[in-house]
Each structure stands twice: as C-alpha cells, then as structure tokens.
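Geometric and topological summary
The primary structure of each chain is shown beneath.
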Amino acid sequence: MNGNKKYMKMALDAAWQFQGLTYPNPAVGCTIVQNGAVLAVGAHAKAGKPHAEVMALKQAYLALSNDIKISPLIESHDIHDYLLKNHNNLFKTCDIYTTLEPCSHLGKTPSCASLLQAMSPRNIYISQIDENEEAKDGRKLLDQSGINVEVGMCKEEGANLLRPFLKWTKDNFIMYKWAQRLDGTIDGGLISDERSRIKVHAIRNVSDLLVIGGNTVREDRPTLDARLVDGKAPDVLIYSKHSSFDKEIPLFKIKDRNVFIEDNFEKLKSYKNILIEGGPSMFEATKDIVDRYLCFVAPKTGGKIKFSEVNLNFNILQSTKLDNDLMIWMDKKERSFNGN
C-alpha cells in the first residue's frame, strides 16, 4: 500500500465530526494532497449536501487557482459544473484520500466518481468499498480512466466510521447517548455546554425515534425536540410500566409527532435511526440492543446519581473536544454484570 496513512486519518477525523448527522447517508471524509502539502480536508455534513470529495475538491481548487468565483457555490451540482469547466488539469499531481468509495450514481447529488474521473488525480486511496447497491462501483469508473486506485488503507478505522450506515440500510441502528460530569454523576440540572446541546439537537433532527424512560419524563418534563438547530422533533417512545402521564408535559405538545407509551421495545422495529437518551435504568434496560454509545463528559463535578448497576467495557472509536466538553464515540468491548 503506497500513500501516507496520516492523510487518511485526517479524512477520518473530519468525517467523525459529522457522525450521527448525515442520515440516511454515511459520514465520509476526504483529504487532497499535492507533493506532501495538504490542500484540503472535506467532509459530508448532511444528506442532500455536497459529498466529502466535492467539498475537498472545491477547497483544493481554490487553493491551487485563487479563483474566488467558486467560493459562494454551495450546491453539489453548481460545484460539479464549475469544476468540470474550470479545473484546467490542476489535480493531475494530486493524491486523494477518501474514507468511502466515491459514489457512481446520479441522485440528489451528481456522481463523485465521474467528477474525479474528469479531475484525473495521480492516486486515489480508499478506506472502505461502498456496499450500497445504488452508489457502489465508483472504483470501476476510476479504474477505467487509468487513475491508480488503492483500497484498504486504515480499513478497520474506516469500517468503524461506516458501521451505522451499514446497519440502518439493512435493519435499524440504535444509539445510546448520555451526558455526565467527571465524577460520573448525571443528575442535578444542565451538565453539557451549549455546543454539546446543539450537537444533540442536530442528532435528534435526523433521528426517526427518540426513546426515553418514564421516570425521566415525569421528573424533567422535557420537550425532546431539535429547536437549537431549528430541526424536526422525532417521534418518542416512553419506556414505562405505567401509562399515566401529565399530557401538559411539553413533549406531548409537538405538532405531527407520535408519542408511544409502552413497556417493551417492539416499536423500535418500525424505525431505522433510533436515539436513546437516559440514565442508569435505561442503560440497563437497553444494554443488549444498543449498537453504539455516545457520551458527553463535562469538566465539572456535582450531583449524586451515577451509572452503577451494569459495567460495560468500551472501545473508544473517536473523541473530540468541543468548547468545554469531551464527546466520545464508543462500541461495546465486553460486558460484566455487578463487577463479576
């Protein structure tokens, strides 16, 4: 394998910043390098918006050409068309690192593989092949154009990034999110800073269903919407053995929202992208169905309630410092109950 893994890791890091936000698309990152100099690092931020390769090509073109006319272009088709007309073979000596095989199909956005064909970079390094029937086979298009294409760089890291997309395209994807202080406490008012809360609201905006515990609803009287990003509020499943709730609680008053009150998780089978928020009881109840965990750790202490009933060991997939908090993505490593 030729190429330098550090450039692929830059692409992976960029993509992780939008993990949880791109549904129903995968999170993807792309780095463009020329003679050892990083020209651009791009990522796919939201379904329907430019793909990572397009964002990176736009940045790299601007760096190589100083043509500021491309700067205000934000739609994929506009950027594609501009690059096709004005690239002037600027990318001939560039190497491109992308976390996922460039798409081959024309959908809400044009084909990235066909655009890269026209740009004709020297090398393209791909971490993961796209298994999606609509978008796959971009590599074939690139191979046909004579571009050197290599697959498998940072393969495990690329698979970790891609796993939610693969899960929700075949079944459903279930994520558990919580916030805690350094001492592990989760109660006593707001824990996370504003940037963390905005991130959570952005995740809610693309979630089909939000699961919450009955006690949390009764005590906190939440809204559970996505108002901080002016987004849509997902449907809500209140997991509770008791169906009596004060319907004046704000979450019941969201227009066009379905609210279910059930003592099981059968309803999850009807949804694709599911977010669970909760404390120790919900953590225990969902330990066998969660695919991935997201924790926000605030640099403070206080409160009394901690996770204590179930011990899970995690693999940390990615950690990012926000304004003050640490955002940590994790998969389960192994499980032990009550310390045994």
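If you're wondering where the values come from, they're calculated on a predicted model, not measured in any experiment.

1. Concerning the nonpolar core
Ile32, Leu57 and Val211 are the most contacted members of the largest nonpolar core, which has 95 residues in total. The contacts of Val211, once residues within four sequence positions are left out, are Leu237, Phe265, Leu268, Ile274, Leu275, Ile276, Glu277 and Met282.

2. With respect to the side chain of Arg204
Secondary-structure assignment places Arg204 in helix 7 (residues 194-205). Among the residues examined, Arg204 registers a relative accessible area of 8% and is labelled buried. Apart from the residues lying within four places of it in its own chain, the contact partners of Arg204 are Leu210, Leu224, Asp225, Ala226, Lys232, Pro234, Leu275 and Glu277.

3. Topic: the environment of Ile186
For Ile186, the position within the fold is in the loop between strand 6 (173-181) and helix 7. Note: C-alpha distance between Ile186 and Pro280 (94 residues apart in sequence) is 9.1 Å. The residues contacting Ile186, other than those within four sequence positions of it, are Trp178, Ala179, Gln180, Arg181, Ile191, Gly279, Pro280, Ile305 and Phe307.

4. Observations concerning empty space enclosed by the protein
A full pass over the atoms with the stated rule returns two cavities of 30 Å³ or more. In this model, the largest cavity occupies a volume close to 70 Å³. What lines the largest cavity is simply Gln19, Gly20, Pro164, Trp168, Phe173, Met175, Ile203, Ser207, Asn273, Ile274, Leu275 and Trp329. For the lining of the largest cavity, the secondary-structure elements that each account for two or more residues are helix 6 (155-170), strand 6 and strand 10 (273-277). With three residues, the single largest contributor to the lining of the largest cavity is strand 10. Classifying every residue of the lining of the largest cavity gives eight nonpolar, four polar and no charged. Taken as a whole, the second largest cavity spans an internal volume of roughly 30 Å³. What lines the second largest cavity is Ala27, Val28, Thr99, Leu100, Gly158, Leu161 and Leu162. Looking at the lining of the second largest cavity, the elements that each hand over two or more residues are strand 3 (94-100) and helix 6.

5. Remarks on helix 6
The end-to-end C-alpha distance of helix 6 is 21 Å, a good match for the 22 Å that 16 residues give at a rise of 1.5 Å each. At Leu162, helix 6 shows its largest bend, some 45°, and a proline, Pro164, comes one to four positions later. Here helix 6 has its buried residues at Gly158, Asn160, Leu161, Leu162, Pro164, Phe165 and Trp168.

The rules behind the values
Residue positions are given per chain, counting from 1 as you read along its sequence in written order. Local features in a predicted model are, by the rule used here, given only for residues with pLDDT of at least 70; side-chain atom pairs are given and counted only at 80 or more, and totals for whole chains, interfaces and linings are based on all residues. With hydrogens and water set aside, each side-chain value is computed from the structure's full complement of heavy atoms. For this analysis, a nonpolar core means a set of buried residues of the types Ala, Val, Leu, Ile, Met, Phe, Trp, Tyr and Cys, connected via side-chain atoms within 4.5 Å. Between buried and exposed lies partly exposed: a residue is buried under 20% and exposed over 50% of the maximum accessible area for its type, with that area taken using a 1.4 Å probe on protein chains only. In this description, contact between two residues means that some pair of their heavy atoms is separated by no more than 4.5 Å. Under the DSSP-based scheme used, a helix requires at least four consecutive residues in state H or I and a strand at least two consecutive residues in state E, with every element numbered from the N terminus. Cavities and pockets were defined on a 1 Å grid built from protein atoms only: a cavity is a group of points that admits a 1.4 Å probe but offers it no way out, a pocket is an open group of points flanked by protein on both sides within 12 Å along at least five of seven lines, and a lining residue is one with an atom within 4 Å of any such point. Grid points are joined across faces, edges and corners, and a volume is the space filled by probe spheres set on the points. Classification used: nonpolar for Ala, Val, Leu, Ile, Met, Phe, Trp, Tyr, Cys and Pro, charged for Asp, Glu, Lys and Arg, polar for all others including Gly. Here, expected helix span is obtained from the residue count minus one, scaled by 1.5 Å. A residue's bend is given by the angle between axes fitted to the 7 residues ending at it and the 7 residues starting at it.

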